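Take a look at the letters that make up each chain.
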Amino acid sequence: MVKIAGGVVWNPKLGIVVVNQNHNSWSLPKGHVNQGEELLAAALREICEETGVPQKELKLVGKLATYERDRIKRELGDMPEMRQITLFLFMTNHEMLAPEDPMNPEARWVKIDEVSSILTHPKDKEMFELLKRKIVYTVAYVQRKQFCRQSR
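Residues numbered from 1 in each chain as written. Predicted model: local features only at pLDDT ≥ 70, side-chain atom pairs only at ≥ 80, totals over all residues. Heavy atoms only, no water.

**Observations concerning the pairing of strand S1 (residues 2-11)**
Stage number 1. Judged by how many residues are buried, S1 sits mostly within the fold: nine of ten residues are covered.
Stage number 2. As judged from the nine bridges shared by S1 and strand S6 (residues 82-91), these two strands associate in the parallel manner. The residue bridging Val9 from the neighbouring strand is Phe90, located in S6.
Stage number 3. Looking at chain direction, S1 and strand S4 (residues 30-32) are connected through three bridges and run antiparallel. Looking at S4, one finds that Ile4 is bridged to His32.
Stage number 4. As paired strands, S1 and strand S2 (residues 15-21) are joined by two bridges and run antiparallel to one another. Its bridge partner being in S2, Asn11 is matched across the sheet by Gly15.
Stage number 5. Connecting S1 to the next strand, S2, in antiparallel fashion are three residues. (Buried < 20%, exposed > 50% of the residue type's maximum accessible area, 1.4 Å probe, protein only. Helix = DSSP H or I, 4+ residues; strand = E, 2+ residues; numbered from the N terminus. Pairing = 2+ DSSP bridges.)

**Some remarks on the nonpolar core**
Looking at soluble globular proteins, one finds that nonpolar side chains tend to be buried together.
Stage number 1. By size, the foremost hydrophobic cluster in this structure holds 25 residues, and its most contacted members are Val8, Ile16, Leu28, Leu64, Val115, Phe128 and Ile135.
Stage number 2. Elements with a minimum of two residues in this core: S1, S2, strand S5 (59-70), S6 and helix H3 (122-151).
Stage number 3. No other element matches H3, which puts six residues into this core. (Core = buried A, V, L, I, M, F, W, Y, C linked by side-chain atoms within 4.5 Å.)

**Structural notes on the pattern of salt bridges**
Stage number 1. Tallied over the entire structure, the rule returns eleven salt bridges.
Stage number 2. With a shortest N-O distance of 2.8 Å, Lys13 and Glu95 are connected by a salt bridge. Here Glu95 lies in the loop between S6 and strand S7 (106-110) and Lys13 lies in the loop between S1 and S2, a separation of 82 residues in the sequence.
Stage number 3. The salt bridge partner of Arg45 is Glu46, with a shortest N-O separation of 2.9 Å.
Stage number 4. The class for Arg45 is buried, based on a relative accessible area of 17%.
Stage number 5. Sharing partners across several salt bridges, the network here consists of Glu37, Arg45, Glu46 and Glu49. (Salt bridge = Lys/Arg side-chain N within 4 Å of Asp/Glu carboxyl O.)

**Notes on the packing of aromatic side chains**
Stage number 1. Across all of its chains, the model carries one aromatic pair by this definition.
Stage number 2. Measuring from centroid to centroid gives 6.4 Å for Phe88 and Phe90, while their planes differ by 50°, and the two rings are tilted.
Stage number 3. The exposure class of Phe88 is buried, given its relative accessible area of 8%.
Stage number 4. Judged by relative accessible area, which is 1%, Phe90 ranks as buried. (Phe/Tyr/Trp six-rings, centres within 6.5 Å; stacked < 30°, edge-to-face > 60°.)

**Topic: the side chain of Arg83**
Stage number 1. Within the fold, Arg83 resides in strand S6.
Stage number 2. Reaching out from Arg83, the side chain makes a polar contact with the side chain of Glu81 at a distance of 2.8 Å. (Polar contact = N/O pair within 3.5 Å; in protein donor to acceptor, adjacent residues only side chain to side chain.)

**Points about unusual backbone geometry**
Stage number 1. Unusually for a residue other than glycine, Asn22 sits at a positive phi of about 55°.
Stage number 2. Relative to the elements of secondary structure, Asn22 occurs in the loop between S2 and strand S3 (25-27).
Stage number 3. Positive phi outside glycine occurs at His23, with the angle close to 65°.
Stage number 4. Its location among the elements puts His23 in the loop between S2 and S3.
Stage number 5. The class for His23 is exposed, based on a relative accessible area of 54%.

Okay, here's the thing in structure tokens:
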């Protein structure tokens, strides 16, 4: 099974980033975990490559979920490939998106309620819908905590 890591990147003003992968599908930013690479390190690397958001601008909120799904078949003859996908939740105030990876040519900010309608793979849509409430509550909690610290 191929290990994949990535994340939900939330900007409080702009929403969640989605990326165009291989010119034919939309996804949350994620990709292959290199041999010996930790899941979090892979997620940070993939997000930076696919969105252009610098790693230092991503604040880890926590691990969201791990799920399995098959690979999207792009061409006739593509073999099935099961993937174990681990998603982390990040917050950022960074706004400009500039993908570095030519196979992922576009990234855009999307309102949380529109993300599922843009994602291509049915399992990704399903998982995002299951996580949406957790994302909203977690982000609200983190923002409130930050506000309380600033108010002291």
